[in-house]
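# Structural overview for review
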Amino acid sequence: MRIISGQYKGRRIAPPKNLPVRPTTDMSKEAVFNVLNNHFNFPELKVLELFAGTGSISYEFASRGSAPILCIDGDMGCVNFIKKTAKEFEFDITAIKSDVFTFLGKHSGNYDIIFADPPYGMAQKEFEKIIELIFEKELLDEEGMLVVEHSKYTKLETMPNYSFQKNYGGSVFSFFEFESDKEEE
C-alpha cells in the first residue's frame, strides 16, 4: 500500500497481515482522488472515513493537506494501526473504535467529505442505512460529498442525493451530494 499523491507521495505503508481488511487498490484510489480533485481543494477539508480499515484513504487525504480527519472502525487492531501511522507521519487523524451504525446514530459533526468502505458482503439495507443516517444527521456539509465503495452487486442509484458512480475493476464508487443548481457555481 502506498500514498499516491501529496506531501508523502510514494511512501509505502505496510499494515500487519492479520487485520480484517480489504484495502482499496492503489489504482482505484488514484481514480477516485482524480474525481475528487475536480470538485475540491484538499487543504483544510474535514474528512470522515467510515469502516476505515488500514486508514489508506485517510492517509491520502492527509498527504494532500486535509485536516482534521476522523476514522471509525470496529476493529481495535485497525484503530491502533491508524493511530501509529498517523503519529509517525504527523497527520491530523483521530481514530475511534466504534460500530459505524452506533457512531452515526450518536455523532454530530459536519464534514466536507465522508468516505465509507463497508464490507462488500454487507446487506443492501445496511448500505442504504449508512447513507440515510449521514443525510438525516446532517453530517455532510451542503457543498460536501459522500463516497461509498461497494461491489457491483450493491445498487445505490435510487437512493436520495445519489449523484453518479465510477467503476474500477470489481469496485464501484457511488457519489452522493446535496442537490443544487450547478450552473450557478
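Residues numbered from 1 in each chain as written. Predicted model: local features only at pLDDT ≥ 70, side-chain atom pairs only at ≥ 80, totals over all residues. Heavy atoms only, no water.

## Side note on the sheet that holds strand β5 (residues 140–151)
With mixed pairing, the 7 strands of this open sheet are ordered in space as β3-β2-β1-β4-β5-β7-β6. At either margin of the open sheet sits one strand with a lone partner, and together these are β3 (93–97) and β6 (162–168). Averaged over all neighbouring strand pairs, the angle between strand axes comes to 15 degrees, with direction disregarded. Bridge count for β6 against strand β7 (residues 171–176) is 6 bridges, and the pairing is antiparallel. By the bridge assignment for β7, K166 is matched with F173. Helix-sheet contacts for helix α2 (residues 56–63) involve β1 (47–50), β2 (69–73), β3 and β4 (111–116), and the interaxial angle to β2 is about 175 degrees. (Pairing = 2+ DSSP bridges. Helix = DSSP H or I, 4+ residues; strand = E, 2+ residues; numbered from the N terminus. Axes fitted to C-alpha atoms, helices over the stretch in contact; angles between N-to-C directions. Contact = heavy atoms within 4.5 Å.)

## As for the layout of surface pockets
What the largest pocket holds in volume is close to 360 Å³. What lines the largest pocket is a set of 24 residues, among which P20, F51, G53, D73 and D117 lie closest to the centre. At the level of elements, α2, β2 and α4 (100–106) are the ones that each hand at least two residues to the lining of the largest pocket. For the lining of the largest pocket, the per-class residue count stands at 12 nonpolar, 6 polar and 6 charged. (1 Å grid on protein atoms, 1.4 Å probe; cavity = no way out; pocket = protein on both sides within 12 Å on 5 of 7 lines; lining within 4 Å. Points joined across faces, edges and corners; volume = space filled by probe spheres on them. Nonpolar A, V, L, I, M, F, W, Y, C, P; charged D, E, K, R; others polar.)

## Details of the packing of aromatic side chains
Taken as a whole, this structure holds 12 aromatic pairs when the rule is applied. Seen in terms of ring centroids, Y59 and F91 are 6.3 Å apart; in terms of plane orientation they differ by 25 degrees. Their pairing is stacked. Note that Y59 is positioned in helix α2 and F91 in the loop between α3 (76–89) and β3, a separation of 32 residues in sequence. Each of the two residues, Y59 as well as F91, counts as buried. Ring centres 5.7 Å apart and planes at 55 degrees place the aromatic pair Y168 and F173 in the tilted group. Taking relative accessible area as the criterion, Y168 reaches 18% and is therefore assigned buried. Taken together, the ring pairs in this structure connect Y8, Y59, F89 and F91 into an aromatic cluster. Cation over ring: K46 sits above Y111, and NZ or CZ is 5.4 Å from the ring centre. Sitting over the face of the ring of F42, R64 holds its NZ or CZ atom 5.2 Å from the ring centroid. (Phe/Tyr/Trp six-rings, centres within 6.5 Å; stacked < 30°, edge-to-face > 60°. Buried < 20%, exposed > 50% of the residue type's maximum accessible area, 1.4 Å probe, protein only. Lys NZ or Arg CZ within 6 Å of the ring centre and 35° of its normal.)

## Let's talk about the nonpolar core
Among the nonpolar cores identified, the biggest contains 36 residues, and L36, Y59, F61, F91, I93 and F175 are the most heavily contacted of them. Elements with a minimum of two residues in this core: α1 (26–37), α2, β2, α3, β3, β4, β5 and β7. Looking at this core, the element that brings in the most residues is α3, giving 6 residues. In contact with I93, other than residues within four places in its own chain, are S58, Y59, A62, I69, C71, I82 and A86. Within the second largest apolar cluster, 25 residues are counted, among which are L50, L104, I114 and V148. (Core = buried A, V, L, I, M, F, W, Y, C linked by side-chain atoms within 4.5 Å.)

## Side note on the confidence of the model for the protein
The pLDDT averaged across the protein works out to 91; a share of 97% of its residues lies at or above 70. Note that pLDDT drops below 50 for residues 181–185; the model gives that stretch 3 contacts with residues more than four away or on any other chain. (pLDDT = per-residue confidence, 0-100.)

## A closer look at the pattern of salt bridges
Within the structure shown, the criterion is met by 2 salt bridges. Measuring nitrogen to oxygen at the nearest pair gives 3.9 Å for the salt bridge that ties E60 to K29. Note that E60 is positioned in helix α2 and K29 in helix α1, a separation of 31 residues in sequence. The same class applies to E60 as to K29, namely buried. Among the salt bridges present, the one from E60 reaches R64, with a minimum N-O distance of 3.4 Å. In this structure E60 comes out as buried when scored by relative accessible area, which is 0%. A single salt-bridge network, built from bridges that share partners, covers K29, E60 and R64. (Salt bridge = Lys/Arg side-chain N within 4 Å of Asp/Glu carboxyl O.)

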